[in-house]
Amino acid sequence: MQNLILASSSPRRKELLENLRLTFTISSSEVDESFDPTLSPEDVVMDLAERKAQVIFNENPNAFVIGSDTIVVLDGQVLGKPTDEREAKKMLTMLSGKRHDVYTGVSILSPNGTVRFYERTEVWFWELTDEEINFYVQSGEPLDKAGAYGIQQLGSMLVKKINGDYYAVVGLPVSKTYRELKRLGYQLS
């Protein structure tokens, strides 16, 4: 039986992969998530995804290892995870009434080779009031999410529309990941 490992502690990525009814384990490691600011957003997310996967693959060279990373980009500025409520409010205020891009990179390492790819999804926010921003921040939801929001839960009230892969905004482009696993020779059960 082939071993599939998700190199992430994200409950959202776990849930998305479970939707494919694949048998997998989770093994995440601490990696340096700093990046060269001269890199393109797509290179940033693919490099970070590969760093996460590589650590786990080094320990499990016969496994198929999936690493993933997501960033939010507004007017060329990368918005990572906020460090506190103040920073979350600042990010949400910046995103209010505007379009931004969400980039999710994936790296799959396997005995049969490696594949890296990314998805870019355009997201438009409603014009948000201070009351809405404060309500959302007080929920605690924004603190562990790139750009200070999660589209799949309470943060859905912020989003006016998207153009692209919804699941990539959540944290894992499921359909493309499935197809790339298959292409690498993973036997889907």
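If you're wondering where the values come from, they're calculated on a predicted model, not measured in any experiment.

Asker: Looking at this structure, I do not really get the overall build of the chain. What am I missing?
Answerer: Of the regular secondary structure elements, the chain holds six helices and seven strands. Ordering the α and β elements of the chain from the N terminus gives β-α-β-α-β-β-α-β-β-α-β-α-α. Compactness check: the chain gives a C-alpha radius of gyration of 17 Å against a globular reference of 16 Å for 189 residues, within 12% of the reference. Each of the three principal axes of the chain carries a C-alpha extent, and together these read 50 × 35 × 25 Å. In the chain, the share of contacts with a sequence separation of at least 24, taken over all contacts with a separation of at least 6, comes to 66%. Surface summary for the chain: the accessible area is close to 9500 Å², and the carbon and sulfur share equals 45%. Positive and negative side-chain charges of the chain, numbering 21 and 27 respectively, have mean locations separated by a distance of 5 Å.

Asker: Got a minute to help me understand the packing of helix α3 (residues 85–95) against helix α4 (residues 130–138) in this structure?
Answerer: Geometry of a packed helix pair, given as the angle between the helix axes and the separation of the axes. It is at 10 Å that the axes of α3 and α4 come closest, and there the two elements cross at 140 degrees. With respect to their mutual orientation, α3 and α4 come out oblique. Considering the relative orientation of α3 and α4, their crossing is right-handed. Contacts between α3 and α4 involve E85, A88, K89, L92 and T93 on the former and, on the latter, I133, N134, Y136 and V137.

Asker: Which parts of the structure should I look at to understand the pattern of salt bridges?
Answerer: Evaluation of the coordinates by the stated rule reveals 13 salt bridges. The shortest N-O distance in the salt bridge between E18 and K14 comes to 2.6 Å. Here K14 and E18 lie together in helix α1 (residues 11–18), a separation of four residues that amounts to about one turn. Judged by relative accessible area, E18 falls into the partly exposed class, the value being 38%.

Asker: Just to check I follow, could you spell out the nonpolar core for this structure?
Answerer: Within soluble globular proteins, side chains that are nonpolar generally end up buried alongside one another. Of all hydrophobic cores here, the largest spans 39 residues; its most connected members are L4, I66, L92, I108, F125, Y149 and L181. Apart from the residues lying within four places of it in its own chain, the contact partners of L4 are L22, T23, F24, T25, F64, I66, L181 and Y186. Counting residues in hydrophobic clusters, the runner-up holds eight residues, among them I5, I56, F57 and V65.

Asker: Any chance you could explain the layout of surface pockets here in plain terms?
Answerer: Unfilled space is identified by rolling a water-sized probe across the atoms. Of the volumes computed, that of the largest pocket is approximately 700 Å³. Around the largest pocket, the lining is made up of 34 residues, and of these R13, E33, K52, D69 and K81 lie nearest the centre. Mapped onto the lining of the largest pocket, the elements with two or more residues apiece are α1, α2 (41–59), β3 (64–74) and α5 (166–170). Broken down by element, the lining of the largest pocket gets its largest block of residues, five residues, from β3. Of the residues that constitute the lining of the largest pocket, the class distribution is 14 nonpolar, eleven polar and nine charged. Taken as a whole, the second largest pocket spans an internal volume of roughly 190 Å³. If you trace the second largest pocket, you find it lined by P11, R12, E15, L16, N19, K145, Q152, Q153, Y166, Y167 and V170. Put simply, the parts of the chain that give the lining of the second largest pocket at least two residues each are α1 and α5. Broken down by element, the residue count for the lining of the second largest pocket peaks at four residues, all from α1.

Asker: Teacher, can you tell me more about the pairing of strand β6 (residues 113–125) here?
Answerer: Walk down a regular strand and you will see the side chains alternate between the two sheet faces. The sheet contact formed by strand β5 (residues 99–110) and β6 spans twelve bridges and is antiparallel. Counted as the bridge partner of G105 is Y118 from β6. Joining the antiparallel neighbours β5 and β6 is a turn of two residues. As defined by bridge partners, β6 adjoins strand β7 (residues 159–163) across four bridges and the pair is classed as antiparallel. Its bridge partner lying in β7, V123 is registered against I162.

Asker: Would you mind showing me how to read the side chain of H100 here?
Answerer: Mapping H100 onto the fold places it in strand β5. For H100, a relative accessible area of 1% gives the class buried. A polar atom in the side chain of H100 sits 2.7 Å from the side chain of Y149. When sequence neighbours within four positions are dropped, the list of residues in contact with H100 reads V72, V73, L74, L95, T121, E122, V123, F125 and Y149.

The rules we used
Residues numbered from 1 in each chain as written. Predicted model: local features only at pLDDT ≥ 70, side-chain atom pairs only at ≥ 80, totals over all residues. Heavy atoms only, no water. Helix = DSSP H or I, 4+ residues; strand = E, 2+ residues; numbered from the N terminus. Rg over C-alpha atoms; globule rule 2.2 N^0.38 Å. Contact = heavy atoms within 4.5 Å. Areas by Shrake-Rupley, 256 points an atom, 1.4 Å probe, with all protein chains shown as cover. Lys, Arg positive; Asp, Glu negative; His and termini not counted. Charge placed at Lys NZ, Arg CZ, Asp CG, Glu CD. Axes fitted to C-alpha atoms, helices over the stretch in contact; angles between N-to-C directions. Parallel < 35°, antiparallel > 145°, perpendicular 65-115°, else oblique. Left-handed = near helix turned anticlockwise from the far one by under 90°. Salt bridge = Lys/Arg side-chain N within 4 Å of Asp/Glu carboxyl O. Buried < 20%, exposed > 50% of the residue type's maximum accessible area, 1.4 Å probe, protein only. Core = buried A, V, L, I, M, F, W, Y, C linked by side-chain atoms within 4.5 Å. 1 Å grid on protein atoms, 1.4 Å probe; cavity = no way out; pocket = protein on both sides within 12 Å on 5 of 7 lines; lining within 4 Å. Points joined across faces, edges and corners; volume = space filled by probe spheres on them. Nonpolar A, V, L, I, M, F, W, Y, C, P; charged D, E, K, R; others polar. Pairing = 2+ DSSP bridges. Polar contact = N/O pair within 3.5 Å; in protein donor to acceptor, adjacent residues only side chain to side chain.

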